[in-house]
Each structure stands twice: as structure tokens, then as C-alpha cells.
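Notes for the structure review
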Amino acid sequence: GDVYKRQLVAIRITMLIFFGILLFSIWRLFGNLGGRWASLAAVAGLALIPTVAPDLQNTSLMPGRVVGELPALALLLLAGLLLSKHRYFWSGICLGVMLLSKLTFTIPAAVLIATFFLFEVLNRHIGSWRYLLRILCGVAVPLVTFELIKAVTLGPEGYVRHIGALRDFLGNQDIPWHQLYI
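Below or above, wherever it landed, is the structure these notes cover. (Residues numbered from 1 in each chain as written. Predicted model: local features only at pLDDT ≥ 70, side-chain atom pairs only at ≥ 80, totals over all residues. Heavy atoms only, no water.)

Examining the pattern of salt bridges
The line we're drawing: Any Lys or Arg side-chain nitrogen found within 4 Å of a carboxyl oxygen on Asp or Glu counts as a salt bridge. Per the convention used, a helix needs a DSSP run of H or I reaching at least four residues, while a strand needs a run of E reaching at least two, with both numbered from the N terminus. Whether a residue is buried, partly exposed or exposed follows from its accessible area with a 1.4 Å probe, protein chains only, as a fraction of its type maximum: under 20%, in between, or over 50%, in that order.
Using the criterion set out here, one finds two salt bridges in the structure. Of the charged contacts in the structure, one is a salt bridge between K102 and E69, with a shortest N-O distance of 3.3 Å. Of this pair, K102 sits in the loop between α4 (88-101) and α5 (106-123) while E69 sits in helix α3 (residues 69-84), placing them 33 residues apart in sequence. Exposure remark for K102: the relative accessible area of 24% places this residue in the partly exposed category. Its salt-bridge partner being K150, residue E147 comes within 2.9 Å of it at the nearest N-O pair. With E147 and K150 both in helix α6 (residues 128-171) and three residues apart, this pair spans about one turn of that helix. Taking the relative accessible area as the measure of exposure, E147 reaches 26% and is therefore partly exposed. What makes K150 buried here is its relative accessible area of 14%.

As for the packing of α4 against α5
Our working definition: Angles here are taken between N-to-C directions and fall from 0 to 180 degrees, while the axes themselves are lines fitted to C-alpha atoms, restricted in helices to the stretch in contact. Here the angle decides the label: under 35 degrees means roughly parallel, over 145 means roughly antiparallel, 65 to 115 means roughly perpendicular, and every other value means oblique. By convention, the crossing between two helices is left-handed when the near helix turns anticlockwise from the far helix through less than a right angle, and right-handed when the turn is clockwise. Every residue pair with non-hydrogen atoms within 4.5 Å of one another is taken to be in contact. Note on residue categories: nonpolar means Ala, Val, Leu, Ile, Met, Phe, Trp, Tyr, Cys or Pro, charged means Asp, Glu, Lys or Arg, and polar means any other residue, Gly included.
Two elements in contact, α4 and α5, have axes whose closest approach is 9 Å; the angle formed by their N-to-C orientations is 160°. Classified by the interaxial angle, the pair formed by α4 and α5 is roughly antiparallel. Considering the relative orientation of α4 and α5, their crossing is left-handed. In this structure, α4 uses Y88, L95, M98 and L99 to contact α5, whose residues at the interface are T106, A109, L112, I113, F116 and E120. For the contact of α4 with α5, the residue count by class is eight nonpolar, one polar and one charged.

Here's the deal with the packing of aromatic side chains
Short version of the rule: Stacked, edge-to-face and tilted labels apply to pairs of Phe, Tyr and Trp rings (six-membered ring for Trp) whose centres lie within 6.5 Å, assigned for plane angles under 30 degrees, over 60, and everything in between, in that order.
Enumeration over the complete set of coordinates arrives at three aromatic pairs. Three or more aromatic residues joined by ring pairs make a cluster, and in this case those are Y88, F116 and Y131.

So, the side chain of S91
Inclusion rule: The definition of a polar contact used here is a pair of N or O atoms within 3.5 Å, where within protein one atom must be able to donate a hydrogen and the other to accept one, and adjacent residues in sequence count solely through side-chain atom pairs.
Tracing the backbone through its elements, the reader meets S91 in helix α4. Accessibility expressed as a relative area gives 0% for S91, which makes it buried. At 2.9 Å, the side chain of S91 forms a polar contact with the backbone oxygen of A79. Filtering out sequence-adjacent residues up to four positions away, S91 remains in contact with A79, L82 and L83.

Quick look at α3
Counted only if it meets this: Expected helix span is given by 1.5 Å per residue-to-residue step, counting one fewer step than there are residues.
An ideal rise of 1.5 Å per residue puts 22 Å on 16 residues; α3 measures up with 23 Å between its terminal C-alpha atoms. With 12 of 16 residues buried, α3 lies mostly within the body of the structure. Here α3 has its buried residues at L70, P71, A72, A74, L75, L76, L78, A79, G80, L81, L82 and L83. Just downstream of α3, H86 is the residue with a positive phi angle, here 65°.

As for a nonpolar patch on the surface
Note the following rule: In this scheme, patches are assembled from residues that exceed 30% relative accessible area and form no salt bridge. Like charges are connected within 9 Å, while nonpolar side chains (Val, Leu, Ile, Met, Phe, Trp, Tyr) are connected within 5 Å. Values of accessible area rely on a 1.4 Å probe in the Shrake-Rupley scheme; residue burial ignores everything except the protein chains shown.
Taken together, the side chains of L103, I163, L166 and F169 make up a nonpolar region of the molecular surface, amounting to roughly 330 Å² of accessible area. With respect to the helices and strands, I163 occurs in helix α6. On the basis of relative accessible area, I163 is assigned to the partly exposed category, the value being 30%.

A word on the nonpolar core
Nonpolar side chains in soluble globular proteins tend to be buried together. The condition is simple: Only buried Ala, Val, Leu, Ile, Met, Phe, Trp, Tyr and Cys residues count toward a nonpolar core, and they belong to the same one when joined by side-chain atoms within 4.5 Å.
One finds L22, L95, M98 and I135 to be the most contacted residues of the largest nonpolar core, which totals 32 residues. Of all the secondary-structure elements, those providing two or more residues to this core are α1 (2-34), α2 (36-52), α3, α4, α5 and α6. The element contributing the most residues to this core is α3, with 10 residues. Residues within four places of I135 in sequence aside, it is in contact with L83, Y88, G92, L95, I113 and F116.

That is the geometry; function is a separate question.
Following this line, the structure appears as C-alpha cells:
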């Protein structure tokens, strides 16, 4: 009983932290675009969804719910904010951790990186490949670290079984992988 309650509280606090990151990122991104009133409207809009339009609410984005979408969205927006501040490596770190929390956010991560790269090519006319490399290195750090920890923890046979299980899981998701042209 008591141990379970403490674990539940710790998990919910973690999700509230990600919700705070989401609100902070929305506030800063909209503040950069339209000032503090745009920030206030964006944050208020997110906060009002469950009360004003319950049919439109996505309960996975509400604080206290333990799902991967909330951390993934918070980290995606934080990565975008960090990109706007030219913090390329840290943006990549956010994207890498985002992929660990929700693998299906691979496409938004690729779109963010591609959009940024295109922006850099069109506007800077300098070595945008260097910035892209910094982002990709940042993405690789949490992913490689996590895979190494899994490989050491599970051992060679367990790690191979895990990769097979992941491949089977992805194969059962009804995603037409052959139709994705990325």
C-alpha cells in the first residue's frame, strides 16, 4: 500500500514536470512569435481544453496521466525552442530523449530537423551541415547510451531477443512502412 502510493506520487510528479516543460516551451515559443499576450493565449488555451471543450481534449496530454505523449510533446517543443536559440546539441539531446519516451514521434523529429536544416541552408548560406551534425550527435547520445545500458544489462542473447521483440511490436502496429517516403 504505502510503497505503491509513494511510487504513484513520484510518477505523477514526473509527469507534472513534463507538463511544466510543455507550458514553458509553449510560453516561450509563442512569446517569440507574438509577445506575452500570444503566450498567455496559448497557455490558457491548453489549460482550458478539458473544461471548455471536453470533446476535443486529449487526456494523454493532461498532467497526472502516465503516458509517453506528454513527455514526447514537451521535449519536441523544447527542442524547437532550443533550436531557435541556436542550442543545436541540446536540442538534439531533447529529441533523443523524446524518441526514448515515444518512438512514434520519429516523424515529427525528422520534420523539425529537416525544416531547421532547410531554413539554415536558405538563410545563412554557410556550413549548415555543421549544425545538422551537432543536432544528430545530440540525438545519438541518449539513444546510444540507452542501447549500451540495455546490451550490458540484458547480455548478448537477451539483447538480441529484445531487438526481435521490438521488430515484432513495430510490425504489428498497422503502419504502412512501405508507403512512407522519408
